[in-house]
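# Survey of secondary and tertiary structure
Residue strings, one per chain:
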Amino acid sequence: MLPVNIKKQGVLFMNINKNYQNVSESYLFSTVAKKVNEFAAANPNKKIIRLGIGDVTLPLCKAVVDAIKSAADEMGIKETFRGYGPEQGYDFLKTKLQDYYKSHNIELDLDEIFISDGAKSDLGNILDLFDVNNTVLVPDPVYPVYVDTNVMAGRKVVYVNANADNDFLPLPPSDVKADIIYLCSPNNPTGAVYNKEQLKAWVDYANVNHAVILFDSAYECFITDENLPRSIFEIEGAKTCAIEFCSLSKTAGFTGTRCGYTVVPKTLEFDGVKLNKMWLRRQTTKFNGVPYIIQRGAEAVFTPIGQKEIQENLSYYKENAKIISETLKKHNIWHIGGKHSPYIWLRCPNNMTSWEFFDYLLENVQIVGTPGSGFGNNGEGYFRLTSFGSRENTIEACERLDKFLG
Ligand code: MLT
């Protein structure tokens, strides 16, 4: 046994990943949750309305629940029980996704679709495929996962400004040569949506610079204008530069159920190596797939009845967004989003900082939102509200806001 003091001096410890010291101590939504829990503990009689993290409140639709139940029954019968499934997902679900893409005029092979437990995991895991010396380009403000996962790996992150001047839809910078580009449309946190021409500019930039676009389409189901792209693969040239990440979290209320999908085209090749092959190798080595029961539930989302039922839920959230937007309009509070997105991105009144407005709302009207500065420097002075609350809570929050702002 070695003397404890030698250990204390750190002499014998293995080296930790010091890059973790370069990310903030806690993840944005954990920080928000901690603050809210402290307030709740100190004010047990006050009803807090949470419109912060984008977590759904409506239950899974009936078609999904029925499919999950019947899959659970199969698992209890010797003849239909299943053990390990294909790491990249069952064909029954991938076929449904292939058809879904086809309905938007996108042709995919089944082995270009990988089922996962959600977009966040895959957006982080995909980085296994890329060199640590690559330069990463992200819009600012941005979903913090894109930045934090790269900082944890020690990659250099550069930013492209998203602000009111460019409607929070930045275009490729002419003076930066990026290797890995993150785009999210409809955007988290701003709710802004790229049109086809704007996405084409990014695709062209990526192809010219031999860069890869990591396209997060987690909110595509909120798009109501058929002219707006739901997928990067609607853009010519995207199959040689882009990977798409999507999830059923917001589409079908799977935040607690966990199922998503990632599309890696076979035409995506760097250094003579196909990323599709690398990703398959990565997933088969480090991932055991999404549970059969859950994949059956996900399959039900893409049946006609499942589509009808999830559309009802999406309409409910869209109506909530409208209610929030109308309240803000009434008080002349600048905001965007909420139309093709569950997020409303507003400018904090009276030049308050994002965290000042967060505290102000929590203390005075017990409404929780997400401070814009948590998404990046350009988010300072802005605030994000989600339409994923219940109708009653959304109306009550708007009544409180109306009274308070008035
Ligand atoms: C958000 O609130 O930004 C999302 O819920 C986060 C996520 O999808 O992981």
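In this text, all values refer to a predicted model and were calculated from it rather than measured experimentally.

Here is what the cut-offs are and how they apply
Residues numbered from 1 in each chain as written. Predicted model: local features only at pLDDT ≥ 70, side-chain atom pairs only at ≥ 80, totals over all residues. Heavy atoms only, no water. Helix = DSSP H or I, 4+ residues; strand = E, 2+ residues; numbered from the N terminus. Expected span 1.5 Å × (residues − 1). Buried < 20%, exposed > 50% of the residue type's maximum accessible area, 1.4 Å probe, protein only. Contact = heavy atoms within 4.5 Å. Phe/Tyr/Trp six-rings, centres within 6.5 Å; stacked < 30°, edge-to-face > 60°. Near = heavy atom within 4 Å. Polar contact = N/O pair within 3.5 Å; in protein donor to acceptor, adjacent residues only side chain to side chain. Areas by Shrake-Rupley, 256 points an atom, 1.4 Å probe, with all protein chains shown as cover. Nonpolar A, V, L, I, M, F, W, Y, C, P; charged D, E, K, R; others polar. Domains from an automatic or database assignment. Core = buried A, V, L, I, M, F, W, Y, C linked by side-chain atoms within 4.5 Å. Axes fitted to C-alpha atoms, helices over the stretch in contact; angles between N-to-C directions. Left-handed = near helix turned anticlockwise from the far one by under 90°. Pairing = 2+ DSSP bridges. Buried area = accessible area lost by both parts, 1.4 Å probe. Salt bridge = Lys/Arg side-chain N within 4 Å of Asp/Glu carboxyl O.

### So, helix H11 (residues 304-330)
With 27 residues, H11 ought to run about 39 Å at 1.5 Å a step, and its terminal C-alpha atoms sit 39 Å apart, in line with that. A positive backbone phi angle near 55° is found at Asn332, which sits one or two residues after H11.

### Brief notes about the side chain of His104
Mapping His104 onto the fold places it in the loop between helix H4 (91-102) and strand S2 (113-116). Given a relative accessible area of 18%, His104 falls into the buried group. Among residues more than four places away in sequence, those in contact with His104 are Arg230 and Glu234.

### Considering the packing of aromatic side chains
Applying the stated criterion across every chain yields a total of 26 aromatic pairs. Seen in terms of ring centroids, Phe168 and Tyr382 are 5.3 Å apart; in terms of plane orientation they differ by 80°. Their pairing is edge-to-face. Taken together, the positions of Phe168 in the loop between strand S4 (156-161) and strand S5 (180-184) and Tyr382 in strand S15 (residues 382-386) put the pair 214 residues apart, joining distant regions of the chain. Summarising the burial analysis for this pair, Phe168 and Tyr382 share the class buried. An angle of 75° between the planes, with centres 4.9 Å apart, marks the rings of Phe357 and Phe383 as edge-to-face.

### Digging into the site of the ligand
Inspection of the region around the ligand gives Phe29, Ile53, Gly54, Lys120, Tyr143, Asn188, Tyr219, Lys250, Tyr343 and Arg384 as its neighbouring residues. Interatomic distance of 2.9 Å between a side-chain N/O atom of Lys250 and an oxygen atom of the ligand. The side chain of Arg384 places a nitrogen or oxygen atom 2.7 Å from an oxygen atom of the ligand. Relative to its unbound accessible surface of 270 Å², the ligand loses 84% to contact with the protein. For the shell around the ligand, the class distribution of residues is five nonpolar, two polar and three charged. Per-domain counts for the shell around the ligand show at least three residues from each of domain 1 (20-59 + 306-405) and domain 2 (62-304).

### Let's talk about the nonpolar core
Side chains of nonpolar character tend, in soluble globular proteins, to be buried together. Judged by nonpolar contacts, the single largest core of 89 residues is most densely connected at Ile181, Trp202, Ile213, Leu248, Phe254, Cys259 and Tyr261. Viewed by domain, this core spans two of them, domain 1 (20-59 + 306-405) and domain 2 (62-304), each represented by three or more residues. Every residue in contact with Tyr261, bar those within four places of it in the chain, is listed here: Leu97, Tyr100, Tyr101, Ile113, Phe114, Ile115, Ser116, Glu220, Glu244, Phe245, Cys246 and Leu248. Residues Val56, Phe114, Val151 and Leu268 belong to the second largest nonpolar core, which totals 37 residues.

### Quick notes on the packing of helix H2 (residues 28-42) against helix H12 (residues 354-365)
The interhelical angle for the contact between H2 and H12, taken along N-to-C directions, is 35°, at an axis separation of 11 Å. With respect to the hand of their crossing, H2 and H12 are arranged in right-handed fashion. Only Trp355, Phe358, Asp359, Leu362 and Glu363 of H12 make contact with H2, whose side of the interface consists of Leu28, Thr31, Val32, Lys35, Val36 and Phe39. Per-class residue counts for the contact of H2 with H12 are seven nonpolar, one polar and three charged.

### A word on the sheet that holds strand S8 (residues 260-263)
Strand order in the open sheet formed by seven strands is S2-S8-S7-S6-S5-S3-S4, and the pairing between neighbours is mixed. Whereas interior strands pair on both sides, the edge strands pair on one side only; in this sheet they are S2 and S4. Neighbour-to-neighbour, the strand axes of the sheet open up by a mean angle of 20°, direction not taken into account. Looking at chain direction, strand S6 (residues 212-216) and strand S7 (residues 242-247) are connected through four bridges and run parallel.

### Focus on the environment of Leu129
Tracing the backbone shows Leu129 in the loop between helix H5 (119-125) and strand S3 (135-140). Each C-alpha atom, one on Leu129 and one on Leu401, is 46 Å from the other, the two residues being 272 residues apart in sequence.

### Topic: the sheet that holds strand S11 (residues 335-337)
Spatial ordering of the open sheet is given by S11-S12-S15-S14, a layout of four strands whose pairing is antiparallel. Looking at the sheet topology across the chains shown, the edges are occupied by S11 and strand S14 (370-371). Judged from the five bridges that link them, strand S12 (residues 343-347) and S15 form a sheet pairing that is antiparallel. Note that in S15 the partner of Tyr343 across the bridge is Thr386. On top of the sheet, H12 reaches S12, S14 and S15; it is set at about 45° to S15, its chief contact.

### Side note on the domain arrangement of the protein
Domain assignment breaks the protein into domain 1 (20-59 + 306-405) and domain 2 (62-304). In this structure, domain 1 and domain 2 have C-alpha centres spaced 25 Å apart. Contacts between the two partners involve 35 residues from domain 1, matched on the other side by 44 residues from domain 2. Summed over both sides, the interface between domain 1 and domain 2 buries roughly 3,100 Å², with carbon and sulfur atoms accounting for 61% of that surface. Put simply, domain 1 and domain 2 have zero salt bridges between them. Our enumeration of links across domain 1 and domain 2 arrives at 18 residue pairs in polar contact (both at pLDDT 80 or more). Of the residues forming the side of domain 1 that touches domain 2, the biggest block, eight residues, is contributed by H11.

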